[in-house]
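Single-letter residue listing:
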Amino acid sequence: MNDQARRTAFFDVDETLITVKSMFRFLRFHLRAQGAPDSAYEEAAGNLRRRAAEGVPREVTNREYYGLYAGCSVEEVAREGRAWFAQELAAGGLFHPPVLDALREHRSAGDRTVLVSGSFPACLDPVAAHVGADAVLCSRPEIKDGRYTGELTVAVIGEAKAVAAEADMRDTGADPADCHAYGDHASDLPLLTAVGHAHVIGDDPVLAERGADSGWHRLKGIAGRTPATAAAPAITVAASAAPAGDPLGELARLSGLPGTPEQPEWRTGAELLLRYLGRAAAMVADGYAAPEDIDTAMRLGCGMRGGPLELLDSIGPHTAQAAAEALGLPAGAFARLGRAPVAAAPASHAAGIGPRTVRDVGVVGSGTMATGIAAVFLASGHPVRLLARSEQRAEAARLAVHRALLSTRMPRDEADRVLEGCVTVLSADALAGCDLVVEAIAEDLDAKLDVLTRLDRACGPGTVLATTTSSLPVARLASAVSRPADVIGLHFFNPAPAMTLVEVVRTDTTAAEVIATADALCRALGRTPVHCTDRAGFIVNALLFPLLNDAARVVGEGRGTVEEVDAAVTGGCGFPHGPFRLLDVVGTDVALAVQQGLRRGLGGSELDVAPLLEELVRDGVLGMKARRSVRQHLRPA
């Protein structure tokens, strides 16, 4: 099958992929952004609902809805759409996890994923960028002179969804019998019958009856989210009733931990699970990062089946708290979670502030990370100036960029052409005029401070200065420049051309416009940004490496074998690989260095380095790179 004829999966959006009705939620946000009182929304939404209750066809009320945007600037509404989506995302629970997982599985299988909705691009484009959808088939309001007229040129409602999907399949050469569709409402019936594989989301009686007759796959009982309020925003993890009598039995029932609570190895696994979930809960309770960002970071950064907050949601924080107390483990984060506000959305999103324009990009460094990041920007059409320390390093870096482009399966002739956009330079002054400069040199504080000082002198006001540090305080690096408001952390994951996750790290001084720029740029690059404040380890490292350290501690203390611990972490925590296989991959020396940095940055005796980890490094058991496997070394003779 050629690339153009790939199988396609079509997803309805409102109450199928996401838990809310985007058009109504966004209308409230839009009217507030325009300075209108809440009564204006209640009147407009009430009128549309009343018309629907009177039997007015959805096609008609859909057109009446877009009349509410007559005269509005398309660009301004698009900015509001990005801000609205970021606010919804930060509130948690925006996506139906089973449907989002299905979309990601289709993407992993190489299928095209297409969103189909009666909503419009201002709402849907941020959703599509976040999930990596290939296309959006949606209603298109009429535009004249950069403003909405209030009329529609295309309405994608009911039968029109099927018409749009069928046209898409014809254009791409996809066989309808091989394609999939997901919908939640009777109006999605034409779409579902247009493909060979239909999936019913929720409990709509019309779809349930048709699905039962046709043998369609059905996901039952998926409920929407309770709307968040300003006083008590929703979070991913819902409160649960306190477990009755046997919290360990309840944990065993709700988690995937192998064994039973009577077995010592089960209790060891429960300890690893609860410490991991407790750290994730603390991130939310401390306002450090939003639940959705934490879950997304762990799924994309570690290849997990689900994020820790989703897992905690299925277990229930009260059960987790009671089980932790029964095992003598810290339980405070679970207790605080139910009282915690959601991590505040970045100011750029909350205020609807738009991003700066980024065209010309500078990258400082000649190593694997720098050249990989340069390849990502080049592949997206950005001219890149690559700063290296010498002519020899510059030439080697240029070759590495070319290899990075080829690693994305880009045809060689195209990689040759794209590489023409990369210019190597030897002085920071040559980066003057860049809209964004990414510092991607080694993790050395003094060296990074020196680079940022030189960039500060060379680059004019308005240039965003980004650091790719994975362990150093971004605020400390920002202190080296005269305009710390322009400094932000962009932690790309290695290898940058293949990994879609970027941790966007803001400090107390980072300007809202700079946060918006970083977010929009990541999405334009086809990356998924997750936001957090400036703290050691950010999200992924702060959750992954303490778990590896905990695993080394319990094995070193003789409370579990490598096999038992690996089984507990894959079964209970949802990781694709056990901690000792991960130690083999990342290297015990890297794990030791990261854990030491977390201990210095975050404090707390629970982050003390496990003696076994130090012993492995001291004995040269560094993992696969040294051809000395941790698992083989620790296996009983």
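Residues numbered from 1 in each chain as written. Predicted model: local features only at pLDDT ≥ 70, side-chain atom pairs only at ≥ 80, totals over all residues. Heavy atoms only, no water.

Draft legend 1. Representation of the packing of helix H11 (residues 264-285) against helix H12 (residues 291-302) within the structure. Closest axis-to-axis distance for the H11/H12 pair is 9 Å, and the angle between their directions is 140°. Taken together, H11 and H12 sit at an angle that is classed as oblique. The crossing of H11 and H12 is right-handed. Residue-level contacts link Tyr276, Ala280, Met283 and Val284 of H11 to Pro291, Ile294 and Met298 of H12. (Axes fitted to C-alpha atoms, helices over the stretch in contact; angles between N-to-C directions. Helix = DSSP H or I, 4+ residues; strand = E, 2+ residues; numbered from the N terminus. Parallel < 35°, antiparallel > 145°, perpendicular 65-115°, else oblique. Left-handed = near helix turned anticlockwise from the far one by under 90°. Contact = heavy atoms within 4.5 Å.)

Draft legend 2. The nonpolar core, seen in detail. In this structure, Leu251, Tyr276, Leu431, Leu455, Ile539 and Phe575 are the most contacted members of the largest nonpolar core, which totals 91 residues. Sequence-distant contacts of Leu431, defined by excluding residues within four places in its chain, comprise Gly362, Val364, Arg385, Leu387, Val425, Val437, Leu455 and Cys459. Formed by 48 residues, the second largest nonpolar core is a distinct cluster that contains Phe11, Tyr41, Tyr69 and Tyr182. (Core = buried A, V, L, I, M, F, W, Y, C linked by side-chain atoms within 4.5 Å. Buried < 20%, exposed > 50% of the residue type's maximum accessible area, 1.4 Å probe, protein only.)

Draft legend 3. Spotlight on the environment of His491. As for its position among the elements, His491 is in strand S14 (residues 487-492). By relative accessible area, which is 7% here, His491 ends up buried. It is 24 Å that separates the C-alpha atoms of His491 and Asp429, two residues lying 62 residues apart in sequence. Excluding anything up to four places from it in sequence, His491 contacts Thr468, Thr469, Ser470, Leu501, Val502, Glu503, Phe538 and Asn541. A distance of 2.7 Å separates the side chain of His491 from the side chain of Glu503, its partner in a polar contact. (Polar contact = N/O pair within 3.5 Å; in protein donor to acceptor, adjacent residues only side chain to side chain.)

Draft legend 4. Structural view of the packing of aromatic side chains. The full count for this structure, using the stated rule, is twelve aromatic pairs. Plain terms: the ring middles of Phe26 and Tyr69 are 6.2 Å apart, the flat faces sit at 10° to each other, and that makes the pair stacked. Of this pair, Phe26 sits in helix H1 (residues 22-33) while Tyr69 sits in the loop between helix H3 (58-67) and helix H4 (74-91), placing them 43 residues apart in sequence. The same class applies to Phe26 as to Tyr69, namely buried. Summarising the aromatic geometry, the rings of Tyr65 and Phe120 are spaced 6.5 Å apart at their centres and angled 75° between planes, so their arrangement reads as edge-to-face. With Tyr65 in helix H3 and Phe120 in the loop between strand S2 (112-117) and helix H6 (121-131), the pair connects residues that are 55 residues apart, well separated along the chain. (Phe/Tyr/Trp six-rings, centres within 6.5 Å; stacked < 30°, edge-to-face > 60°.)

Draft legend 5. Layout of the pattern of salt bridges. Counted according to the given criterion, the structure contains 34 salt bridges. Across the salt bridge formed by Glu513 and Arg356, the nearest N and O atoms sit 3.1 Å from each other. Of this pair, Glu513 sits in helix H22 (residues 512-524) while Arg356 sits in the loop between helix H16 (347-351) and strand S9 (361-364), and the two are 157 residues apart along the sequence. Relative accessible area serves as the criterion here: at 33%, Glu513 is assigned to the partly exposed category. One network of salt bridges, in which partners are shared, links Glu271, Arg275, Arg279, Asp550, Arg553, Glu557, Arg559 and Glu606. (Salt bridge = Lys/Arg side-chain N within 4 Å of Asp/Glu carboxyl O.)

Draft legend 6. How the structure looks around unusual backbone geometry. Note that the residue after Asn494, namely Pro495, is joined by a cis bond; omega there is 0°. As for its placement among the helices and strands, Pro495 is situated in the loop between S14 and strand S15 (501-506). Despite not being glycine, Asp145 shows a phi value in the positive range, around 55°. If you trace the backbone, Asp145 turns up in the loop between strand S4 (140-144) and strand S5 (147-154). Phi angles above zero are rare outside glycine, and Arg409 is one such case at about 70°. Within the fold, Arg409 resides in the loop between helix H18 (391-407) and helix H19 (412-419).

Draft legend 7. Just helix H20 (residues 445-458), in detail. Here H20 spans 20 Å end to end across 14 residues, near enough to the 20 Å set by a 1.5 Å rise per residue. Residues Lys448, Leu449, Val451, Leu452, Leu455, Asp456 and Ala458 constitute the buried set of H20. In this structure, the buried residues of H20 make contact with S9, strand S12 (436-439), strand S13 (464-467) and helix H21 (474-478). Measuring from the side-chain oxygen of the N-cap residue of H20 to the backbone nitrogen of Asp446 gives 3.2 Å; that N-cap residue is Asp444. (Expected span 1.5 Å × (residues − 1).)

Draft legend 8. Expanded view of the pairing of S14. For S14, a buried count of six out of six residues is recorded, marking the element as mostly surrounded by other parts of the structure. Burial of S14 is two-sided: the residues Val487, Gly489 and His491 facing one way and the residues Ile488, Leu490 and Phe492 facing the other way are all buried. Pairing analysis gives three bridges linking S13 to S14, with the strands arranged parallel. The partner of Leu465 across the bridge, within S14, is Val487. (Pairing = 2+ DSSP bridges.)

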